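# An overview of the molecular structure
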Amino acid sequence: MTSPIKPPDGNWWDQPVNRRESIWLGLGVGWSLILFGWMSAWTRVGDQNPIGETFRVEAEEFREKLTDYKERAEDTDDGLVPPDQDVYIQAMRFQWDGAPVVLETGTEYDFHLNSMDVQHGFSLRPEDALSKQINLQVLPGYEWVVPMTFDEPGTYHIICNEFCGQGHRSMHGTIVVEEG
């Protein structure tokens, strides 16, 4: 097979590199090392990575926990008020079971997240500021317990940000946070 680009004539590989090219190559390698070090340090000390524990769980087992949670929770016009600091939400095509939820500011809640069927994205954002958000992956077969504290009252939207089928665009839930 031939290439439309002709190779340079002669033994070009053994030719010395121009000093200016060496400087630019050195700057490129140096900048790459700085960026690599920055990313490595940011993930280790940046405190932006999601925390929490992950457990292997069958969907039916999590469904039982969710049903028990919903039976114990107080049902209001705005949503479920959890009986304690545990909030159970299960993703399934095309809904968030366990939402809407009514929570209080300043209280730390443990969100138990699970998927019944396929991978879903749990994107949580306040109604008035789309730039403030958290994105988590919810996978079938796992329960992810994520501690969350809400500082500001308001409505927070749960949006699936992983394509999960034809009804994906309608997969929406809410968390109403009231002054505690």
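Since this is a predicted model, take the numbers as computed values, not measurements. (Residues numbered from 1 in each chain as written. Predicted model: local features only at pLDDT ≥ 70, side-chain atom pairs only at ≥ 80, totals over all residues. Heavy atoms only, no water.)

The positions UniProt marks with the feature "transmembrane region" (unreviewed entry) are residues 22–41. Helix makes up 100% of residues 22–41 and strand 0%. Its end C-alpha atoms lie 28 Å apart. (UniProt positions renumbered as here; feature names shortened; annotations may be inferred. Helix = DSSP H or I, 4+ residues; strand = E, 2+ residues; numbered from the N terminus.)

A word on helix H1 (residues 19–45). Over its 27 residues, H1 runs 39 Å from end to end, which matches the ideal 39 Å to within 8%, given 1.5 Å per residue. Between the side-chain oxygen at the start of H1 and the backbone nitrogen of Arg20 there is a gap of 2.9 Å, and the oxygen is on Asn18. (Expected span 1.5 Å × (residues − 1). Polar contact = N/O pair within 3.5 Å; in protein donor to acceptor, adjacent residues only side chain to side chain.)

The amide bond that connects Arg93 to the next residue, Phe94, takes the cis arrangement and shows omega of 0°. When you line up the elements, Phe94 lands in the loop between strand E4 (86–92) and strand E5 (95–97). The omega torsion of the bond from Ala99 to Pro100 falls at 10°, within 30 degrees of zero and hence cis.

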